[in-house]
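Chain residues, written in single-letter form:
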Amino acid sequence: MREKKRKKKKWLWIVLSIIGVLVLGTGGYAFYLYKTAADTVASIHEDIGRDKSEKRTEEVKFTEKDPISILLMGVDEREGDRGRSDSLILMTVNPNTQSTQMVSIPRDTRTEIIGKGKQDKINHSYAFGGTEMTVATVENFLDVPVDYFVKINMESFKDTVDAVGGVEVENNLDFTYEGYHFTKGTIQLDGKKALAYSRMRKEDPRGDFGRQERQRQIIEAVIKKGANISSVTKFGDMFGVVRDNVKTNLTFDEMWDIQANYKEASKKLEQFQVKGANERIDGIWYYLVPEEERLALSNQLKEHLEIPANTANAN
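Right, let's walk through the structure included here.

Calculation criteria
Residues numbered from 1 in each chain as written. Predicted model: local features only at pLDDT ≥ 70, side-chain atom pairs only at ≥ 80, totals over all residues. Heavy atoms only, no water. Helix = DSSP H or I, 4+ residues; strand = E, 2+ residues; numbered from the N terminus. Buried < 20%, exposed > 50% of the residue type's maximum accessible area, 1.4 Å probe, protein only. Contact = heavy atoms within 4.5 Å. Areas by Shrake-Rupley, 256 points an atom, 1.4 Å probe, with all protein chains shown as cover. Axes fitted to C-alpha atoms, helices over the stretch in contact; angles between N-to-C directions. Parallel < 35°, antiparallel > 145°, perpendicular 65-115°, else oblique. Left-handed = near helix turned anticlockwise from the far one by under 90°. Nonpolar A, V, L, I, M, F, W, Y, C, P; charged D, E, K, R; others polar. Arc of directions from axis to C-beta. Salt bridge = Lys/Arg side-chain N within 4 Å of Asp/Glu carboxyl O.

**Concerning the overall build of the protein chain**
- Counting its secondary structure elements, the protein chain contains 9 helices and 15 strands.
- Relative to its full complement of 315 residues, the protein chain shows a buried share of 54%.
- Relative to all contacts within the protein chain whose residues are 6 or more apart in sequence, the contacts with residues 24 or more apart total 67%.
- Accessible surface, the protein chain: about 14500 Å² in total, of which carbon and sulfur atoms supply 46%.

**Examining the packing of helix H4 (residues 156–163) against helix H5 (residues 191–199)**
- Where H4 contacts H5, the axes come no closer than 7 Å and their chain directions differ by 135 degrees. Taken as axis vectors, H4 and H5 run oblique relative to one another. H5 is crossed by H4, and the crossing has right-handed handedness. Counted together, Phe157, Lys158, Val161 and Asp162 of H4 and Gly191, Lys192, Ala194, Leu195 and Ser198 of H5 form the full contact between these two elements.
- Of the residues belonging to the contact of H4 with H5, the class tally is 4 nonpolar, 2 polar and 3 charged.

**What about H4?**
- Residues Ser156, Phe157, Val161 and Ala163 constitute the buried set of H4. Around the axis of H4, the buried residues are gathered within 160 degrees of arc, so they sit on the same side.
- Note on H4: the residue one or two positions beyond its end, Gly165, has a positive phi of about 80 degrees.

**Re the pattern of salt bridges**
- Under the defined criterion, the tally for this structure stands at 15 salt bridges.
- With a closest N to O distance of 3.0 Å, Lys302 and Asp143 form a salt bridge. Highlighted residues: Lys302 in helix H9 (residues 291–305) and Asp143 in the loop between helix H3 (124–142) and strand E7 (148–153), separated in sequence by 159 residues. Note on accessibility: Lys302 and Asp143 belong to one class, buried.

**Digging into the pairing of strand E13 (residues 269–274)**
- Buried residues dominate E13, accounting for 6 of its 6 residues.
- Residues of E13 alternate between two faces, with Leu269, Gln271 and Gln273 on one and Glu270, Phe272 and Val274 on the opposite face, all of them buried.

**Brief notes about the environment of Val161**
- Position of Val161 relative to the elements: it lies in helix H4.
- Distance from Val161 to Leu195, taken between C-alpha atoms, is 9.0 Å for residues 34 residues apart in sequence.
- Non-local contacts of Val161, meaning those with residues more than four positions away in its chain, are made with Gly166, Val167, Leu189, Asp190, Gly191, Ala194, Ile218 and Val222.

**Looking at unusual backbone geometry**
- The phi dihedral of Lys65 falls on the positive side, at around 55 degrees, and the residue is not glycine.
- Here Lys65 shows up in the loop between helix H2 (30–43) and strand E2 (68–78).
- You can call Lys65 partly exposed: its relative accessible area is 33%.
- Backbone geometry at Glu178 places phi at a positive 55 degrees, although glycine is not the residue there.
- With respect to the helices and strands, the residue Glu178 is situated in the loop between strand E9 (175–177) and strand E10 (180–182).

As structure tokens, this is what we get:
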């Protein structure tokens, strides 16, 4: 039913990556970094017109350590084009069980596009209706609330990696893409190479899942490298990349509340993949998820979010 692997990682890598709070307390730069981070988060805030998910009966209370969900959206946006969601990963965070779950949703998954009234690839929801339609579609597909989202323009991989002076990752697949050859083992990546490394999927037997793993590698490598940066100039570059390429409905205060109250959830991280199969329908390839697989995954996520069955009925 599910392919699962467990790794001990810090679940906050995505939230921390967008504000650089790993280093907010370093030396004489603390006040400068704090104010710059707060201003940056204010500039990237995106309101999708709701206080809470319709699948919530009450708003999340951080001080009571209510389990939360965060949708990571990697979008491919280019000049003159709204783009499509290139990567969708739902994180459920439960500080009470000291665990985090991450579910990667293949971009070609066939499901109902909420607000469009038709079945299509899930990544098309962003092209049709932006962030709001994507959040609603993911909520409907998994039948769980999406409390928060972090949207990153995948084009920013290049600028982000260059801002920290390049990164090092462990590559487990020998391949060539966009003129670059990536050998197995430890490799060094500058911005252009990192972008190519994160985009390849057709030569990877794991398809979307393999690409999403490489994207996570780069984000984690950026965090690791960024934590050791002591140059204000470098921080300025990083905040600039964030302002230009990241959007979220999290406020600065909410980010701090999450960090303060949800640290214990970093102790165990489980990664899940939505199991299905590629199939051609009317000449178009889709990723079809069996209903029993979708229901099992939905129930698992509800349990992790501590949502009673009668508050989020199955489709």
